[in-house]
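So the chains spell out like this:
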Amino acid sequence: MILYFDSEIRNSKCEIDESTMTEKKLISSVLRDSVRKLRKVLHAHRLNVWLLEGEERWTGERLSFVYAGHKANRNHILHLAFNGSYRKSACGKAWVWDALKFGVNKYAGHPMVIMEIAKCFYRRFGRQEGFYIPWWVYGEIDLAVASMRIKQSSTFKADLRRIRKNHFQYEVTRDKDQFDHFYHNMYVPYITRAHGDRALLRSYEQLRHYFSCGELLFVKNKSKYVGCSLLVFEDDSVYAKELGIKDGNMHYLRAGVVSALYYYMILYLMEKGYKKVNVGASRAFLKDGVLVFKKRRGMRLSHQNPWPMGFLIKPLRKTDGVKAFLKNNPFMYVNNDSFNGAVFVESGEAVSEDQLKKLHKDHYVPGVAKLNIYQLGERQDPIAITTEEKLQFCVK
């Protein structure tokens, strides 16, 4: 009896010890997770500050500005601003709230300040400070409208000619082995090649998770796969998440593989009975190649447009370089809970109705509330195109 009792005590003690260890591991895991999240938040709001100087990309005018943020998005702005050569000087670090409160005064000697901030900080501190441009905007294509555009649009007619010329066909699969081929031989090489140091790659695990409720739509030339799009199905919605081109070979891009992916995607999803397809994120700059490509194929801004982060652009002095940057990089910006477009022209230029129509055609994105044309004079007075159906404009 004594031995049995001692054994029970020992077993009970072991169970308590194991329970205690499990609890400690759980607490330790929660703490580590909390620390990781805290570090992520601190990283997002502790900004690196650089002074960037060089020749404006399209005019060669001298351009300098202060940038506060992180490397990946800084590289995107560098690509828009400069012609390849520039000088950067590190100016330390700043908390985003300090940068918003004191940044404009601190950097007033420089012609322009661009900083990365969250929507909540913009609403709290930055509403009166320049233009707030979302990092990304999301778009969708109405498939019924797209089917009409296929018959009428010069863009789709050109796409179809290239599809026939290159003997493209399509194939849809859920083969898991084909996913590995898509990710390693198409997606990663293409995104890396197309965007260089601005590339933002999704992980293998993340896209594999999407593929668990999705399909791969391949474009092939005879029996050779040359491009692929990952389609993800959630409830009654479908998302074109990512795409790739074989080996990142730009020859296939010029041959029209991406155009073929969109053309076949529209036909395939219409056959399956879908009404719309979400075509993912694009940069909010109105000359962005991806945005223009999607717009020409019927994209409009999605009603659900999460924009938790963005660029705050504050021009402080209208130097020739700053004016050239603004004229060559029209953009969408946040106005309350909608988007406006901003296009810049020289002060004193007479803007005729024909010119307004051309600016509207070139830069308007369906879903934008208003397209403002700003004249770069002493004051930034916009001429506003207020509707997409009819050109109604007024000087504010």
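Residues numbered from 1 in each chain as written. Predicted model: local features only at pLDDT ≥ 70, side-chain atom pairs only at ≥ 80, totals over all residues. Heavy atoms only, no water.

Describe in detail the overall build of the chain, supporting the description with residues and values.
Scanning the chain from N- to C-terminus turns up 13 helices and 18 strands. Looking at the 396 residues of the chain, the share that counts as buried comes to 46%. Pairs at least 24 apart in sequence give 71% of the contacts found in the chain among residues at least 6 apart. Total accessible area computed for the chain in this model is approximately 21200 Å², and 51% of it derives from carbon and sulfur atoms. (Helix = DSSP H or I, 4+ residues; strand = E, 2+ residues; numbered from the N terminus. Buried < 20%, exposed > 50% of the residue type's maximum accessible area, 1.4 Å probe, protein only. Contact = heavy atoms within 4.5 Å. Areas by Shrake-Rupley, 256 points an atom, 1.4 Å probe, with all protein chains shown as cover.)

I'd like a description of the sheet that holds strand β4 (residues 112-118), backed by residues and values.
With mixed pairing, the 6 strands of this open sheet are ordered in space as β3-β1-β2-β4-β13-β5. Each edge of the sheet is formed by a strand with only one pairing partner; in this case those strands are β3 (82-95) and β5 (131-134). Strand-to-strand twist of the sheet, defined as the mean angle between neighbouring strand axes without regard to direction, takes the value 25°. Examined bridge by bridge, β4 and strand β13 (residues 309-315) share 7 bridges and lie antiparallel to one another. Residue pairing in the sheet places methionine 115 in a bridge with leucine 312 of β13. (Pairing = 2+ DSSP bridges. Axes fitted to C-alpha atoms, helices over the stretch in contact; angles between N-to-C directions.)

Help me get a handle on the pairing of strand β16 (residues 370-376), residues and values and all.
A large share of β16 lies buried, amounting to 6 of its 7 residues. Pairing of strand β15 (residues 338-346) with β16 involves 7 bridges; the strand directions are parallel. Across the sheet, valine 345 pairs through a bridge with glutamine 375, a residue of β16.

Describe helix α11 (residues 289-296), naming the residues involved and giving the relevant values.
Since the α-helix turns once every 3.6 residues, residues separated by three or four places project in the same direction. Restricting attention to buried positions, one finds in α11 the residues Leu291, Val292, Phe293, Lys294 and Lys295. Its side-chain oxygen 3.2 Å from the backbone nitrogen of valine 290, aspartate 288 forms the N-cap of α11. (Polar contact = N/O pair within 3.5 Å; in protein donor to acceptor, adjacent residues only side chain to side chain.)

Could you give me a rundown of the packing of aromatic side chains, with the residues and numbers involved?
Aromatic rings in a pair are described by how distant their centres are and how their planes are angled relative to each other. Enumeration over the complete set of coordinates arrives at 26 aromatic pairs. A ring pair is formed by phenylalanine 131 and tyrosine 333, whose centres lie 5.1 Å apart and whose planes are at 75°; its orientation type is edge-to-face. Remark: tyrosine 333 occurs in strand β14 (residues 331-335) and phenylalanine 131 occurs in strand β5; sequence separation between them is 202 residues. In this pair, the class of phenylalanine 131 matches that of tyrosine 333, namely buried. Taken together, a centroid distance of 5.8 Å and an interplanar angle of 50° make the contact between phenylalanine 331 and phenylalanine 344 tilted. With a gap of 13 residues between them, phenylalanine 331 in strand β14 and phenylalanine 344 in strand β15 connect regions that are remote in the sequence. Three or more aromatic residues joined by ring pairs form one cluster here, namely Phe131, Phe285, Phe331, Tyr333, Phe344 and Tyr374. The aromatic ring of tryptophan 136 is capped on one face by arginine 283, whose charged end is 4.0 Å from the ring centroid. (Phe/Tyr/Trp six-rings, centres within 6.5 Å; stacked < 30°, edge-to-face > 60°. Lys NZ or Arg CZ within 6 Å of the ring centre and 35° of its normal.)

Lay out the nonpolar core with the relevant residues and their values.
By size, the foremost hydrophobic cluster in this structure holds 113 residues, and its most contacted members are Phe65, Phe182 and Leu269. With 11 residues, helix α10 (residues 257-271) is the largest single contributor of residues to this core. (Core = buried A, V, L, I, M, F, W, Y, C linked by side-chain atoms within 4.5 Å.)

A description of the side chain of asparagine 329 should follow, citing residues and the corresponding values.
Mapped onto the elements of the fold, asparagine 329 is located in the loop between α12 (320-328) and β14. You can call asparagine 329 buried: its relative accessible area is 5%. At a separation of 2.9 Å, a polar atom in the side chain of asparagine 329 contacts the main-chain carbonyl oxygen of phenylalanine 325. When sequence neighbours within four positions are dropped, the list of residues in contact with asparagine 329 reads Leu80 and Phe285.

An account of the pattern of salt bridges is needed here, citing residue identities and associated values.
Applying the stated criterion across every chain, the model contains 12 salt bridges. For arginine 62, the salt bridge is made with glutamate 53, and the minimal N-O distance between the two is 3.0 Å. Residue classification places arginine 62 among the exposed residues on the basis of a relative accessible area of 55%. What makes glutamate 53 buried here is its relative accessible area of 16%. For glutamate 215, the salt bridge goes to arginine 174, with nearest N and O atoms at 3.3 Å. With a gap of 41 residues between them, glutamate 215 in strand β8 (residues 214-221) and arginine 174 in the loop between β7 (168-173) and α7 (176-195) connect regions that are remote in the sequence. Taken together, the shared-partner salt bridges connect Asp159, Arg162 and Arg297 into one network. (Salt bridge = Lys/Arg side-chain N within 4 Å of Asp/Glu carboxyl O.)

How would you explain the pairing of strand β11 (residues 276-282) if you had to name every residue and give the values?
Taken across its 7 residues, β11 has 5 buried, putting it largely inside the fold. One ladder, built from 5 bridges, connects strand β6 (residues 137-142) with β11; its direction is antiparallel. The residue of β11 that forms the bridge with glutamate 140 is asparagine 278.

Which residues make up α7, and what are the values?
Taking 1.5 Å of rise per residue, 20 residues should cover 28 Å, and α7 covers 27 Å from first to last C-alpha, within 8% of that figure. Maximum bend of α7: about 35°, positioned at tyrosine 183. Those residues of α7 that sit buried are Gln178, Phe179, Phe182, Tyr183, Met186, Tyr187, Tyr190 and Ile191. Measuring from the side-chain oxygen of the N-cap residue of α7 to the backbone nitrogen of aspartate 177 gives 2.8 Å; that N-cap residue is aspartate 175. (Expected span 1.5 Å × (residues − 1). Bend = angle between axes of the 7 residues up to and from the residue.)

Describe unusual backbone geometry, naming the residues involved and giving the relevant values.
A positive phi angle, near 60°, is found at aspartate 247, a position not held by glycine. Tracing the sequence through the fold places aspartate 247 in the loop between β10 (237-245) and α9 (250-255). The backbone phi angle of asparagine 336 is positive, close to 55°, even though this residue is not glycine. By the secondary structure assignment, asparagine 336 is in the loop between β14 and β15.

How would you summarise the confidence of the model for the chain if you had to cite specific residues and measurements?
Put simply, the chain has an average pLDDT of 84, and 79% of its residues get 70 or more. In the model, residues 386-396 has pLDDT below 50 throughout and makes 27 contacts with residues more than four positions away in sequence or in other chains. (pLDDT = per-residue confidence, 0-100.)

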